[in-house]
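Coordinate analysis (summary)
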Amino acid sequence: MTLPIVAVIGRPNVGKSTLVNRLAGVTDAIVHDQPGVTRDRTYRTAFWQDRDYLVVDTGGLVFDDDTEFLPLIREQAFAALAEANAAILVVDGQGGLTEADAEIARWMRQQTVPVVLAVNKCESPHQGVIQAAEFWELGLGEPYPVSAIHGGGTGELLDELITYLPSVAELPETPEIKVAIVGRPNVGKSSLLNSFTGENRSIVSPISGTTRDAIDMVVERPGDSEEGIDNKTYRLIDTAGIRKKKNVEYGPEFFGINRAFKAIRRSDVVLLVIDALDGVTEQDQKLAGRIADEGRAAVVVVNKWDAIDKDSYTIYEYEKLARDRLAFIEWSEMIFVSALTGKRVEKILDLVDTAAEQHKRRVTTSVINEVLQEAVSWHSPPTTRQGRQGKIYYGTQVKSQPPTIALFVNDPARFNDNYRRYIEAQFRRQLGFTGTPLRLLWRGKKTRDVGDSQISVNRATRV
C-alpha cells in the first residue's frame with residue numbers, strides 16, 4: 001500500500017527543509033542558510049493523528065532564472081507536485097509577501113492539488129497572526145502562521161492538511177534491502193539511481209556536487225510466481241560525492257558528506273561507484289576502507305564503461321588493477337556498467353541480492369568446525385621460536401551482518417597474520433561469503449576450559 005504524499009513547495013530559503021524536519025520528527029535533512037541547498041526531492045515519513053504520509057522536500061522555486069541548477073530544481077518540484085495528494089506552500093512571514101511568492105501561488109492555483117499555506121518564521125504567536133494576514137492576497141485560503149524551528153502553529157497547519165489525505169490503515173512492515181550508492185563527485189551515482197527507478201529521480205548534471213543530501217527511493221523488483229521468487233524491495237540511498245577533506249569547506253557539502261557516511265552505516269549493501277575513465281583513486285580506496293570498517297556488504301560498480309576503448313582483454317586487466325587497489329574489499333563482486341545507456345545496470349541488483357544474503361548468513365557450528373578441521377589438516381598452525389605451537393580448539397559464529405566467527409585457541413599470539421589470512425581464505429573457499437566482510441575473533445582459552453563437549457580441531461577429530 002502506498003502512503004499519501006505531501007509536497008513542500010516554496011521559493012528559496014523560506015525554511016522548507018526545516019519544516020520538513022519538524023513534520024517528520026527528524027533532524028537529518030541538510031538545513032543551511034543559503035539558497036539552493038536542497039536540489040533533489042527527498043522523502044520523509046510523517047504522522048499526524050491517525051494519518052501516515054510521506055512529506056517531500058523540494059528545492060527553492062525560481063521561475064525567471066535559468067542559471068545553474070534552477071531549471072533542474074523546477075523539474076524536481078514539478079515532479080513532486082504531480083505525484084502529491086496535497087501540497088504545503090511555505091512563505092517567509094518575516095520577509096513578507098514577495099513577487100516570487102505571488103508567482104508560485106498563481107502557478108499552484110492552476111494545479112489540481114489542494115494547497116495549505118504555511119507562513120513560516122512567525123516565532124511570536126501574536127505578531128505571527130499579523131504577519132500571516134498579508135498572505136491572504138495569494139488567494140490560497142487561510143494562511144497559517146508557524147515556526148518550523150520551534151514547532152509553533154504546526155498543529156493547526158496539520159489539522160487542515162490531513163483533511164486532504166486519505167486514511168491509511170496500519171501498514172505491515174515490508175522487508176527491504178538498504179542500498180547506499182557512494183563514490184566521488186560526478187562518477188554517475190544519480191544517473192545510476194535514475195536507471196534503477198526509470199525516472200529522473202535526482203538532478204543529473206556534469207557539474208560535480210549536484211547531490212547534497214542523501215536521497216532515499218524505494219524500488220520494488222517483481223518476482224516470479226512460477227519460480228517461487230517473491231517480489232523484493234530495495235531502499236536506494238543516493239549520496240553526496242565524497243571528496244578529500246582539504247577540498248571540503250564547512251557548509252552544505254560538509255553536511256552532505258557526513259550524511260553519506262551515515263548512509264553507509266545504515267545500509268545493508270554499499271554500491272561503490274568508480275569512474276572507469278579515472279580508475280581507482282586514492283579517495284576510492286578510502287571509501288573502500290570506510291565500507292570495510294563499517295562491516296557493510298559491497299558491490300563495486302565501474303561506471304562509464306561505454307566510454308572506454310577496449311578489446312577482449314581490457315576488462316580482465318582493468319579488474320585486476322582495480323582489485324589490487326581496492327584490497328580493503330577484495331571480497332566484493334565487481335560489475336562494469338553504463339548508467340547513461342542502462343547497459344548491465346539491471347544485473348547490479350542480482351549482485352546486491354547475493355551480497356545481502358551472505359551478509360546476514362548464519363553457519364552452524366558443526367560446519368564451521370568441519371572447515372577448520374580440513375584447513376588445519378592441510379596447513380598446521382605455526383610454531384613459535386620457543387617450540388610452542390598454536391592450537392585451534394573450535395569455532396562458532398557469534399553474529400551476522402557481517403558474519404563474525406569466534407575461534408577459540410590456546411594463545412592468539414601464536415597465530416601470525418599469514419595464518420589468520422589463510423584461515424579466512426579457507427572459510428571463503430569452502431563457504432562462500434561473497435560480497436560481505438568476514439570477521440574472525442581469535443579468543444584465548446586454556447585446554448581445561450574447553451570442556452568435554454568440544455574437541456580440539458588439531459587432533460583431526462571430526463566435530
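Residues numbered from 1 in each chain as written. Predicted model: local features only at pLDDT ≥ 70, side-chain atom pairs only at ≥ 80, totals over all residues. Heavy atoms only, no water.

**Quick look at the overall build of the chain**
Helix and strand counts for the chain stand at 13 helices and 15 strands. Within the chain, the proportion of its 463 residues that are buried is 52%. Contacts in the chain between residues at least 24 apart in sequence constitute 72% of all its contacts with a sequence separation of at least 6. Accessible area of the chain: about 22,300 Å², with a carbon and sulfur share of 48%. (Helix = DSSP H or I, 4+ residues; strand = E, 2+ residues; numbered from the N terminus. Buried < 20%, exposed > 50% of the residue type's maximum accessible area, 1.4 Å probe, protein only. Contact = heavy atoms within 4.5 Å. Areas by Shrake-Rupley, 256 points an atom, 1.4 Å probe, with all protein chains shown as cover.)

**Remarks on helix H10 (residues 345–359)**
Spanning 15 residues, H10 covers 22 Å between terminal C-alpha atoms, matching the ideal 21 Å at 1.5 Å per step. For H10, the full list of buried residues reads Val345, Ile348, Leu349, Leu351, Val352, Asp353, Ala355, Ala356, Gln358 and His359. (Expected span 1.5 Å × (residues − 1).)

**Focus on the pairing of strand S13 (residues 392–399)**
A large share of S13 lies buried, amounting to 6 of its 8 residues. Where S13 meets strand S14 (residues 404–409), 6 bridges bridge the pair, whose relative direction is antiparallel. Across the sheet, Thr396 pairs through a bridge with Ala406, a residue of S14. Here S13 folds back onto S14 in antiparallel fashion, the turn holding 4 residues, of which Gln401 has a positive phi close to 55°. (Pairing = 2+ DSSP bridges.)

**Describing the nonpolar core**
Counting 29 residues, the largest nonpolar core has Ile9, Leu81, Leu89, Val91, Met108 and Leu138 as its most contacted members. At the level of secondary structure, the elements contributing two or more residues to this core comprise strand S1 (5–9), strand S3 (51–57), helix H2 (70–83), strand S4 (86–92), helix H3 (99–109) and strand S5 (115–120). The element that contributes the greatest number of residues to this core is H3, accounting for 5 residues. Residue contacts for Leu81: discarding those within four places in its chain leaves Ala7, Ile9, Ala87, Trp107, Met108, Gln111 and Val113. (Core = buried A, V, L, I, M, F, W, Y, C linked by side-chain atoms within 4.5 Å.)

**What about the packing of aromatic side chains?**
Overall, the coordinates contain 7 aromatic pairs when judged by the stated rule. An angle of 55° between the planes, with centres 4.6 Å apart, marks the rings of Trp305 and Phe336 as tilted. Of this pair, Trp305 sits in the loop between strand S11 (297–303) and helix H9 (314–325) while Phe336 sits in strand S12 (residues 333–336), placing them 31 residues apart in sequence. On the numbers, 4.9 Å between centres and 40° between planes, the contact of Phe415 with Trp442 is tilted. Taken together, the residues Phe415 in the loop between S14 and helix H12 (417–431) and Trp442 in strand S15 (residues 439–444) connect sequence positions 27 residues apart. Trp442 carries the same exposure label as Phe415, and that label is buried. An aromatic cluster is defined as three or more aromatic residues linked by ring pairs; in this entry it consists of Phe415, Tyr419, Tyr422 and Trp442. Against the face of Phe433 rests Arg361, its NZ or CZ located 5.0 Å from the ring centre. (Phe/Tyr/Trp six-rings, centres within 6.5 Å; stacked < 30°, edge-to-face > 60°. Lys NZ or Arg CZ within 6 Å of the ring centre and 35° of its normal.)

**A few points about the environment of Cys122**
Topologically, Cys122 is positioned in the loop between S5 and helix H4 (125–133). Here the alpha-carbon distance between Cys122 and Ile149, two residues 27 residues apart in the chain, equals 9.7 Å. Setting aside anything within four residues of it in sequence, one finds Cys122 in contact with Gly93, Gly128, Gln131, Pro145, Val146 and Ser147.

**Regarding the sheet that holds S15**
A sheet is described by the order of its strands in space; here 3 strands give the open sequence S13-S14-S15, paired in mixed fashion. Looking at the sheet topology across the chains shown, the edges are occupied by S13 and S15. Neighbour to neighbour, the strand axes of the sheet diverge by 25° on average, direction disregarded. In the packing of H12 onto the sheet, the strands contacted are S13, S14 and S15, and the crossing angle to S15 comes to about 125°. (Axes fitted to C-alpha atoms, helices over the stretch in contact; angles between N-to-C directions.)

**What about the side chain of Thr154?**
Looking at where Thr154 falls in the secondary structure, it is placed in helix H5 (residues 154–161). Given the relative accessible area of 9%, Thr154 is considered buried. For Thr154, the contacting residues outside a window of four places in its chain are Leu19, Arg22 and Val146.

**Remarks on unusual backbone geometry**
Residue Gln401 is joined to Pro402 through a cis peptide bond whose omega torsion reads 0°. Topologically, Pro402 is positioned in the loop between S13 and S14. Unusually for a residue other than glycine, Lys121 sits at a positive phi of about 65°.

**Considering the pattern of salt bridges**
In total, this model carries 15 salt bridges according to the counting rule given. Measuring nitrogen to oxygen at the nearest pair gives 3.0 Å for the salt bridge that ties Glu319 to Arg323. Of this pair, Glu319 and Arg323 both sit in helix H9, separated by 4 residues, roughly a single helical turn. Owing to a relative accessible area of 24%, Glu319 belongs among the partly exposed residues under this scheme. We note a salt bridge from Asp324 to Lys320, for which the minimum N-O separation is 3.4 Å. Taken together, the residues span about one helical turn, with Asp324 and Lys320 both in helix H9 at a distance of 4 residues. (Salt bridge = Lys/Arg side-chain N within 4 Å of Asp/Glu carboxyl O.)

**Details of the pairing of S12**
The sheet contact formed by S11 and S12 spans 4 bridges and is parallel. Within S12, the residue paired with Val300 across the bridge is Met334.

**Some points on the packing of helix H11 (residues 365–378) against H12**
Between H11 and H12, the least distance of the axes is 10 Å, while the angle of their chain directions is 125°. The orientation of H11 with respect to H12, classified from their angle, is oblique. By crossing handedness, the relation of H11 to H12 is classed as right-handed. Along its contact with H11, which presents Val367, Ile368, Val371, Leu372, Glu374, Ala375, Val376 and Trp378, the element H12 presents Tyr419, Tyr422, Ile423, Gln426, Phe427, Arg429, Gln430 and Leu431. (Parallel < 35°, antiparallel > 145°, perpendicular 65-115°, else oblique. Left-handed = near helix turned anticlockwise from the far one by under 90°.)

**Points about the side chain of Asp353**
Inspection of the secondary structure assignment puts Asp353 in helix H10. Residue classification places Asp353 among the buried residues on the basis of a relative accessible area of 14%. Non-local contacts of Asp353, meaning those with residues more than four positions away in its chain, are made with Ile177, Arg221, Lys232 and Tyr234.

Everything listed here is a matter of geometry and, on its own, says nothing about what the molecule does.
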